[in-house]
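So you can see what is in the structure, the chains are spelled out below.
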Number of protein chains: 2
Amino acid sequence: MLKDKKYVVGVDVGGQTTKIGVTDAIGNISARIVIRTDIYGEDADAYLKALSDAILSCIQQADVEGAVKGVGVGAPNSNYYTGEISNAANIAWANNTTVKFSEKLSALLGGLPVSLTNDANAAAIGEMVYGSAKGMKDFIMITLGTGVGSGIVIDGKLLYGHDGFAGELGHVTVDRSEKARLCGCGHKGCLETYCSAIGVARTAREWLDTTDEPSSLRSLESISSKDVYQAAQAGDALALRVFDFTGKLLGRSMADFVKFSAPEAIVLFGGLTKAREFFYLPMLKEMNDNLLPIWQGKVKVLFSSLSESDAAILGASALAW
Amino acid sequence: MLKDKKYVVGVDVGGQTTKIGVTDAIGNISARIVIRTDIYGEDADAYLKALSDAILSCIQQADVEGAVKGVGVGAPNSNYYTGEISNAANIAWANNTTVKFSEKLSALLGGLPVSLTNDANAAAIGEMVYGSAKGMKDFIMITLGTGVGSGIVIDGKLLYGHDGFAGELGHVTVDRSEKARLCGCGHKGCLETYCSAIGVARTAREWLDTTDEPSSLRSLESISSKDVYQAAQAGDALALRVFDFTGKLLGRSMADFVKFSAPEAIVLFGGLTKAREFFYLPMLKEMNDNLLPIWQGKVKVLFSSLSESDAAILGASALAW
C-alpha cells in the first residue's frame, strides 16, 4: 500500500541561521531544527551536507519517514527556475559564486524533490496559504526588514518573470535627485535605502546631523531602527517624524505598485512592521492620495498574521506542496 | 454540418473613429469598415447600433457569415472583467458614465460573444500574437501616443489584476518634486506628462519659455510633438535635447518596470516611436544604467512591427480567439 505523502519540509536560509521544520497541509509545524549558516566559510558542500543531515533528523523527529512529499527552501538571491543561489552578499559560501542548491540538496536527500525561491517569495506563499492573504489571488507582499524585499502574486501564482528574478521592489527608485542615497546595489535612491530598518536609522542620523533639533537619539553613539522606535514610543518628536517620513515614502511607492498589477491587497511583513503604529496612517493616506480614483480606498493594506519565526518555514514548505 | 468558426472581428474604438476589421487566425484582415465615434453625443445606444450594423456589414463584405467566432474590442478606459467602458474622457457617450459595452453589443449581434479590453492591452495581445513579441510569454508593451498606456503580459497572459485595471504605467510617478507637472488624472509627476506626444511638446515649450536658447521652434505659435520631431531632424539643438531628456526619463522608468515583472522585452508602440532615432540610445543607456547587474544588457527593447492602423484591429481581434 502506498503511504500518502502528507508532509513537507520547510527550510528558511538566513545569513546566520537556517531554520528547518516539518509541516502538514494545514500549517502545523511538528518538528523543528535550527543549524548555523555561517560556520562553513566558503564551503557550500559542507553546509549542504549539514543541512541534509538536519532535514533527515527533523523528519525522523517528526516520525514521518516515507510520508514527505518534498522540501521547500527560501533563501536570499535564489532563483526558482534554476534552483541556484547566486551572489548572496550575507552568505560566505554563496557570495561571488553560484551554488546549484536544489540539485545538490536533492541528491543528498536521495532524490527527494527540492524547490527553491527567494525569501520574500517564500513569505508571500506562506501568507497566501496560511496568513493574511489566504484565498487572495492578487497581492503584493513587501518585507520590511534590514532591506526591502517583495513577492508578487498574480492570479494565484508567484510572479517569477522571464528569468526568475521578478519582484525586486526594494530597488525601485524613489528619489531621482542628486542627493539621493547610495544603495548597496550600487544605484542611488532605491526604496530600500529609506523604508528598511537600515533606512530608518539612516534618516534619523541624517536629520540629527543636519539640524539642531533636540532628540533623545542625540545621546547615542550609533543608532538602530529599534532606537528610533523606542524614542518614538517615548514621544520623541524627531523620531516620530522619521516614521511619518518613512510611511509617506512607502505609501507613495505602494501607489506605483498598484498601478502595475492592481492587487487586492498589499501585505507588509518584517521587523519594521513592529513600528506600524507610527507609520501606518501616513503610509495609507499617501498611497490613496497618489492612486487613480478607481483604486482610492479600495486596495487593502494588511500586516502579516504569521509569527515571524514560523512564516518563513511555512512559506518555504508551502512551496513544496 | 457545422461550419468552422475561422474568423473573428476586431474593433478599435478611438476618440474620433472606430475601425472594424474581419481577420483570420494568421492575422489577415479581409474586410475593413471605419465609422465615426464622435457624432453620437452622449447617446451610447445610438453609437452601439451603428457599430453593430457596421460589424454585420463587415462580416457580409468578407463573405464569412456564420463563420465568425466572436468580436474583440479595444477601447479607452475599458474593463475586461466587467465588459464596461467607464469615464472615457475623449468619448462623449462614455464620459462621466459607465456603458455596459460588451453586454449591449453582444445583444445587438444576436448573442455573438464580445470581449472588451483597454486599447493598450489590445495592442499588447496583437504584438504577442502577430508582432514583435511573437512567442514571448513575459513582456511589457508601452504605448507612446497622445498619452502613455501599457499592457503587461505575464506567463503568456495579459495582466488584469484584481479588478481588471492593471497596467496604468502612464501614471507612475517620475517626478516627486514640487515643480512636477500636473497630469490629466489630477496627480503630479506622472510619466505621461513627460514621455507622451503631449509631454514632448510640453518640454519644448517649457524650455523655450525659461531660456534664451535659439531654436527654430521659437517661430511657432503652438508646438506639437511633430514640430519638435521635424526640428530635431533639421538639427535643432534644443529639439534634440528634448528627445534626449524624454528618452532618459522613459529609460529610467523602464528600469523600474523591469524590477517588477522581469520581462523578456519591453515593446514600444505609438506615434512617438516615429522619433525613435532621437531617443532610443539615451533611453536604452539610462534603462541599463539603472538596472541591477542580473538584468543589465539582457532586457530587449523592441519597437512594434505592426503597422499602426492594423495593430489595434489585430490586437482586438486576437482577444476574440
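In what follows, the accompanying structure is described. (Residues numbered from 1 in each chain as written. Chains lettered and ligands numbered in written order. Predicted model: local features only at pLDDT ≥ 70, side-chain atom pairs only at ≥ 80, totals over all residues. Heavy atoms only, no water.)

## Some details on the overall build of chain A
On a plain count of helices and strands, chain A comes out with 8 helices and 13 strands. Every one of the 321 residues in chain A was classed for burial, and the buried ones make up 58%. Nonlocal contacts in chain A, meaning residues at least 24 apart in sequence, comprise 61% of its contacts between residues at least 6 apart. Total accessible area on chain A stands at roughly 13300 Å², and carbon and sulfur atoms take up 51% of it. Distance between charge centres in chain A, computed from 30 positive and 36 negative side chains, equals 4 Å. (Helix = DSSP H or I, 4+ residues; strand = E, 2+ residues; numbered from the N terminus. Buried < 20%, exposed > 50% of the residue type's maximum accessible area, 1.4 Å probe, protein only. Contact = heavy atoms within 4.5 Å. Areas by Shrake-Rupley, 256 points an atom, 1.4 Å probe, with all protein chains shown as cover. Lys, Arg positive; Asp, Glu negative; His and termini not counted. Charge placed at Lys NZ, Arg CZ, Asp CG, Glu CD.)

## Some thoughts on the sheet that holds strand 5 (residues 78–79) of chain B
Residues and elements named next belong to chain B. Sheet architecture is open: 3 strands sit in the order 5-6-7, paired in antiparallel fashion. Pairing within the sheet leaves two strands with one partner each, and these edge strands are strand 5 and strand 7 (98–99). Strand direction decides the pairing type here: strand 5 and strand 6 (residues 84–86), joined by 2 bridges, are antiparallel. Bridge assignment links Asn-79 to a residue of strand 6, and that residue is Glu-84. (Pairing = 2+ DSSP bridges.)

## Some thoughts on the packing of helix 1 (residues 44–61) of chain A against helix 2 (residues 101–108) of chain A
All names here are of chain A. Interaxial distance between helix 1 and helix 2 falls to 9 Å at its minimum, and their mutual angle equals 50°. What the angle tells us is that helix 1 and helix 2 run oblique. Like other packed secondary-structure pairs, helix 1 and helix 2 cross with a definite hand, here right-handed. Residues Asp-45, Tyr-47, Leu-48, Lys-49, Leu-51, Ser-52 and Ile-55 of helix 1 pack against Phe-101, Lys-104, Leu-105 and Leu-108 of helix 2. Across the contact of helix 1 with helix 2, the residue classes break down as 7 nonpolar, 1 polar and 3 charged. (Axes fitted to C-alpha atoms, helices over the stretch in contact; angles between N-to-C directions. Parallel < 35°, antiparallel > 145°, perpendicular 65-115°, else oblique. Left-handed = near helix turned anticlockwise from the far one by under 90°. Nonpolar A, V, L, I, M, F, W, Y, C, P; charged D, E, K, R; others polar.)

## Considering the interface of chain A and chain B
Taken together, the contact pairs 43 residues of chain A with 42 residues of chain B. Across the interface of chain A and chain B, roughly 3500 Å² is buried in total on both sides, 58% from carbon and sulfur atoms. Where chain A packs against chain B, one counts 2 salt bridges. Linking Asp-256 of chain B and Arg-176 of chain A is a salt bridge whose minimum nitrogen-to-oxygen distance equals 3.9 Å. There are 18 residue pairs in polar contact (both at pLDDT 80 or more) connecting chain A and chain B. Contributing elements (two or more residues each) for the side of chain A that touches chain B: strand 10 (148–154) and helix 6 (237–261) of chain A. For the side of chain A that touches chain B, the element with the most residues is helix 6 of chain A, which contributes 8 residues. For the side of chain A that touches chain B, a count of residues per class yields 20 nonpolar, 10 polar and 13 charged. (Buried area = accessible area lost by both parts, 1.4 Å probe. Salt bridge = Lys/Arg side-chain N within 4 Å of Asp/Glu carboxyl O. Polar contact = N/O pair within 3.5 Å; in protein donor to acceptor, adjacent residues only side chain to side chain.)

## Regarding the side chain of Ser-196 of chain B
All names here are of chain B. Here Ser-196 is to be found in the loop between strand 11 (157–158) and helix 4 (197–210). By relative accessible area, Ser-196 is classed as buried at 0%. A polar contact of 3.3 Å, which involves the side chain of Ser-196, links it to the backbone oxygen of Thr-146. Within the structure, Ser-196 has its side chain in polar contact with the backbone oxygen of Glu-192 (distance 2.7 Å). Aside from chain neighbours lying at most four places away, what touches Ser-196 is Gly-145, Thr-146, Gly-147, Val-148 and Leu-272.

## Some details on the packing of aromatic side chains
Residue and element names in this part refer to chain A. Following the criterion strictly, the structure yields 25 aromatic pairs over all chains and no others. Here Trp-93 and Phe-101 contribute two aromatic rings whose centre-to-centre distance is 6.4 Å and whose plane-to-plane angle is 25°, an arrangement assigned as stacked. The class of Trp-93 is buried, set by a relative accessible area of 2%. Note on Phe-101: relative accessible area 0%, which makes it buried. The ring of Phe-303 has Arg-276 lying over it, and the distance from NZ or CZ to the ring centre is 4.2 Å. (Phe/Tyr/Trp six-rings, centres within 6.5 Å; stacked < 30°, edge-to-face > 60°. Lys NZ or Arg CZ within 6 Å of the ring centre and 35° of its normal.)

## Some details on the side chain of Thr-18 of chain A
All names here are of chain A. Position of Thr-18 among the secondary structure elements: in strand 2 (residues 17–24). Look at Thr-18 and you get buried, because its relative accessible area is 0%. A distance of 2.7 Å separates the side chain of Thr-18 from the side chain of Thr-37, its partner in a polar contact. A polar side-chain atom of Thr-18 sits 2.8 Å from a polar atom in the side chain of Tyr-47. Setting aside residues no more than four positions away along its own chain, Thr-18 makes contact with Val-11, Asp-12, Val-13, Ile-33, Val-34, Ile-35, Thr-37, Tyr-47 and Leu-51.

## Side note on the relation of the copies chain A and chain B
Taken as rigid bodies, chain A and chain B are interconverted by a rotation of 180° and an axial shift of 0.0 Å, the fit giving an RMSD of 0.1 Å. Such values leave the two copies arranged in the relation of a two-fold axis. (Least-squares fit on C-alpha atoms with pLDDT ≥ 70 in both.)

## Things to note about the packing of helix 3 (residues 119–130) of chain A against helix 8 (residues 308–320) of chain A
Describing two packed helices takes the angle between their axes plus the distance from one axis to the other. Residue and element names in this part refer to chain A. Across the interface, helix 3 lies against helix 8 with an axial gap of 7 Å and an inter-helix angle of 80°. Classified by the angle their axes make, helix 3 and helix 8 are roughly perpendicular. In this structure, helix 3 uses Ala-122, Ile-125, Gly-126, Val-129 and Tyr-130 to contact helix 8, whose residues at the interface are Leu-314, Gly-315, Ala-316, Ser-317, Ala-318 and Leu-319.

## Overview of the environment of Met-141 of chain B
Secondary-structure assignment places Met-141 of chain B in strand 9 (residues 139–144). The contact partners of Met-141 of chain B, leaving out residues within four places of it in the chain, are Ala-120, Ala-123, Ala-124, Glu-127, Gly-149, Ser-150, Gly-151, Val-267 and Phe-269 of chain B.

## Quick notes on the nonpolar core
Counting 102 residues, the largest nonpolar core has Phe-243 of chain A together with Phe-243 of chain B as its most contacted members. Leave out the neighbours within four places in its chain, and Phe-243 of chain B touches Val-200, Ser-225, Val-228, Tyr-229, Ala-232, Leu-272, Ala-275, Phe-278 and Phe-279 of chain B. The next biggest cluster of nonpolar side chains, apart from the first, holds 36 residues, and it includes Ala-44, Ile-55, Val-64 and Leu-109 of chain B. (Core = buried A, V, L, I, M, F, W, Y, C linked by side-chain atoms within 4.5 Å.)

## Things to note about the pairing of strand 1 (residues 7–13) of chain A
All names here are of chain A. Among the 7 residues that make up strand 1, 6 are buried, leaving the element largely enclosed by the rest of the structure. Direction of pairing for strand 1 relative to strand 2: antiparallel, over a ladder of 7 bridges. Bridge pairing in strand 2 places Val-8 opposite Thr-23. Taking the residues that link successive antiparallel strands as the turn, the strand 1-strand 2 hairpin has 3 residues.

## Here we look at helix 7 (residues 276–289) of chain B
Residue and element names in this part refer to chain B. With 14 residues, helix 7 extends 19 Å from end C-alpha to end C-alpha; this agrees with the ideal 20 Å at 1.5 Å per step. Every buried residue belonging to helix 7 is among Phe-278, Phe-279, Pro-282, Met-283, Glu-286, Met-287 and Asn-288, and all of these are buried. At its buried positions, helix 7 is contacted by strand 9, helix 5 (225–233), helix 6 (237–261), strand 12 (265–269) and strand 13 (300–303). (Expected span 1.5 Å × (residues − 1).)

## Considering unusual backbone geometry
Residue and element names in this part refer to chain A. A positive phi angle, near 60°, is found at Asp-63, a position not held by glycine. Relative to the assigned elements, Asp-63 resides in the loop between helix 1 and strand 4 (68–75). Taking relative accessible area as the criterion, Asp-63 reaches 62% and is therefore assigned exposed.

## Observations concerning the sheet that holds strand 13 (residues 300–303) of chain A
Residue and element names in this part refer to chain A. With mixed pairing, the 5 strands of this open sheet are ordered in space as 11-10-9-12-13. Both edges of this open sheet fall to strand 11 (157–158) and strand 13, since each of them pairs with a single strand only. Bridge analysis of strand 9 (residues 139–144) against strand 12 (residues 265–269) gives 5 bridges, and the strand direction is parallel. Note on strand 12: the bridge partner recorded for Met-141 is Val-267.

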